[in-house]
Amino acid sequence: MIVCMCHHSMRWRLRPIWLVLLKCMTFCILRQEIASYLGVDLGKILIKRFADGEIYVQLQESVRGCDVFLVQPTCSPVNENLMELFIMIDACRRASARSITVVIPYFGYARADRKAQGREAITAKLAANLLTEAGSDRVIVCDMHSAQALGYFDIPVDHIYGQPVILDYLASKTISKDLVVVSPDVGGVVRARAFAKKLSDAPLAIVDKRRQGHNLSEVMHLIGDVKGKVAIMVDDMIDTAGTITSGAALLKQEGAEAVYACCTHAVLSPPAIERLSGGIFEEVIVTNSILLPEDKCFPQLTVLSMANLVAETIWHVHRDGSVSSIFQ
C-alpha cells in the first residue's frame, strides 16, 4: 500500500498496491482499516511479475512533491517481499517523491542482529543498509526483535509498539485480578516488565531456558511465583512456538490457573499451530502485523488490528508531530 500526501495541497491520496503475493485477507483488512481511519481512498499502482520471476513496478499516478508512505510487512515470503519493497522505493524516488517513508509492521531478518558465532552474517544491518540505499528517507517499524537493531539505520527510525493494542484488549476481558506477567526467556525481561507495569503493576516471572539450536529451546526452571494465578506470557513474536509452549507447560506444572500467550508478530512456522492449539493456552492473542491465512487460524487465536496505531503514526510523521506521544 502507498499513502501519498502532497505538502502543497495538504490533501491525502492513497494508492493501493495490487500485490500478487499479498493476497491474504488479513493484510487486505489492515490496509482498508488504515485508509478508513485516515479518511482517504486507496489509489493505484501496478506490480507484476515477468515470466522469469522478476518484479515490475509502475506508479499509476504522479507522486511528484508528495510524502509517500509505503506499507509493506516483510513476512513470508521474506525475500520476495523485501525485493518488492526495494523496487517500490526506487520507483517512488525516480518519480520525484518529496519524501519516502517505509512502514514495516513486521521487519524480516531482525533476529539476526548480532554475531552469536564466527562467520555469521548480521542480516538486520544488511536489510537496514539496503532500505537506505534504495532511497527511503524514514522507516517506521513495529516491535523490533531487539532495540539495538534500530541503531543499524543511518536514517530516522520511528519504533512503535503493539502493546497498547493487546493491553486494551486484556482490559476489556474479565480475567482474574490475580495476574502475573511472564517473560518466556531472559532476553524478554525488559519487554515483560514494561507490560506488567502497564497491567496494573502486575508481578513478574521469568522462564529460564537454554537454547540448543535455531528454533529449538529447552526450559530449565521458573523464576517467580505463578501458583493459583493467571499467567500472561509476553513476547515480540511466536515462530515455531517451541519457547512459549515449553514455558507454558512449566507454568502449568508450577500451578498456574490459566495461561495466555500474547505477541505482536505471529510468524507461526510449522509446527506452531499444533503446539498452540493443543489446549495448553486459554487464548493466544496476536496482532495483524503479519498475514495470517485461514489455515493458520485455530479456536484459541485472537487477532487484533494495529490499523489505528499505524495510521496515527503515519499522521504524526506527516504533520511533523511526536510519535512517542501516541504511547503516553
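Note that this is a predicted model, so its numbers are computed, not measured.

This paragraph deals with the pairing of strand β6 (residues 99-104). Across the six residues of β6, six count as buried, placing the element largely inside the fold. What you see with β6 is no split at all: Ser99, Thr101 and Val103 on one side and Ile100, Val102 and Ile104 on the other are buried throughout. Here strand β5 (residues 66-71) pairs with β6 via five bridges, running parallel. Counterpart to Val71 in the pairing with β6 is Val103. You can see the chain leave β5, run along helix α2 (residues 78-94) and come back into β6, and the turn it takes is right-handed. As defined by bridge partners, β6 adjoins strand β7 (residues 138-142) across four bridges and the pair is classed as parallel. Across the sheet, residue Val103 finds its bridge partner in β7, namely Ile140. Tracing the backbone out of β6, into helix α3 (residues 123-134) and back to the parallel element β7 gives a crossover that is right-handed.

Here the focus is the packing of aromatic side chains. All told, the structure shown has three aromatic pairs when counted by the stated rule. Where Phe50 meets Tyr56, the ring centres are 5.9 Å apart and the plane angle is 75°; that geometry is what we call edge-to-face. Exposure remark for Tyr56: the relative accessible area of 28% places this residue in the partly exposed category. Measuring from ring centre to ring centre gives 5.8 Å for Phe107 and Phe153, while their planes differ by 65°; the resulting arrangement is edge-to-face. Here Phe107 is found in the loop between β6 and α3, whereas its partner Phe153 is found in the loop between β7 and β8 (157-160), with 46 residues between them in sequence. The lysine or arginine in question, Lys48, covers the ring of Tyr56, its NZ or CZ lying 5.2 Å from the ring centre.

Right, let's get into unusual backbone geometry. The peptide bond linking Ser76 to Pro77 adopts the cis configuration, its omega dihedral lying at 0°. Residue placement: Pro77 occurs in the loop between β5 and α2. That bond from Pro270 to Pro271 is cis: its omega, 5°, falls within 30 degrees of zero. For Ser96, which is not glycine, the phi dihedral falls at a positive 65°. Position of Ser96 among the secondary structure elements: in the loop between α2 and β6. What makes Ser96 partly exposed here is its relative accessible area of 29%.

The next point concerns the side chain of Thr101. Assignment of secondary structure puts Thr101 in strand β6. When near neighbours in sequence (up to four residues on either side) are disregarded, Thr101 contacts Val68, Phe69, Leu70, Arg138, Ile140 and Val317.

Turning our eyes to something else, we now look at a negative patch on the surface. A cluster of acidic side chains, namely Asp178, Asp225, Glu254, Glu257 and Glu282, defines a negative patch on the protein surface. Mapped onto the secondary structure, Asp178 falls in the loop between α4 (163-171) and β9 (179-183). Judged by relative accessible area, which is 38%, Asp178 ranks as partly exposed.

Generally speaking, soluble globular proteins have nonpolar side chains that are buried together. Ranked by size, the top nonpolar core spans 40 residues in total, and within it Ile34, Leu170, Val181, Phe195, Ile232, Ile285 and Ile314 carry the most contacts. When residues in this core are grouped by element, the largest group, six residues, is from helix α8 (residues 307-318). When residues of this core are assigned to domains, at least three map to each of domain 1 (17-160) and domain 2 (163-304). Counting 33 residues, the second largest nonpolar core, distinct from the first, contains Leu70, Cys92, Ile104 and Ala149.

With respect to the element layout, His316 can be found in helix α8. Accessibility expressed as a relative area gives 18% for His316, which makes it buried. Separated by 2.8 Å, the side chain of His316 and the backbone oxygen of Glu312 make a polar contact. With sequence-adjacent residues up to four places away left out, His316 is seen in contact with Gly321, Ser322, Val323, Ser325 and Ile326.

When you line up the elements, Asp52 lands in the loop between β3 (45-49) and β4 (55-59). In terms of polar contacts, Asp52 uses its side chain to reach the backbone amide nitrogen of Glu54, at 3.2 Å.

The rules behind these values
Residues numbered from 1 in each chain as written. Predicted model: local features only at pLDDT ≥ 70, side-chain atom pairs only at ≥ 80, totals over all residues. Heavy atoms only, no water. Buried < 20%, exposed > 50% of the residue type's maximum accessible area, 1.4 Å probe, protein only. Helix = DSSP H or I, 4+ residues; strand = E, 2+ residues; numbered from the N terminus. Pairing = 2+ DSSP bridges. Right-handed = clockwise from strand over helix to strand, strands pointing away. Phe/Tyr/Trp six-rings, centres within 6.5 Å; stacked < 30°, edge-to-face > 60°. Lys NZ or Arg CZ within 6 Å of the ring centre and 35° of its normal. Contact = heavy atoms within 4.5 Å. Patch = residues over 30% accessible without salt bridge, like charges linked within 9 Å, V, L, I, M, F, W, Y side chains within 5 Å. Areas by Shrake-Rupley, 256 points an atom, 1.4 Å probe, with all protein chains shown as cover. Salt bridge = Lys/Arg side-chain N within 4 Å of Asp/Glu carboxyl O. Lys, Arg positive; Asp, Glu negative; His and termini not counted. Charge placed at Lys NZ, Arg CZ, Asp CG, Glu CD. Core = buried A, V, L, I, M, F, W, Y, C linked by side-chain atoms within 4.5 Å. Domains from an automatic or database assignment. Polar contact = N/O pair within 3.5 Å; in protein donor to acceptor, adjacent residues only side chain to side chain.

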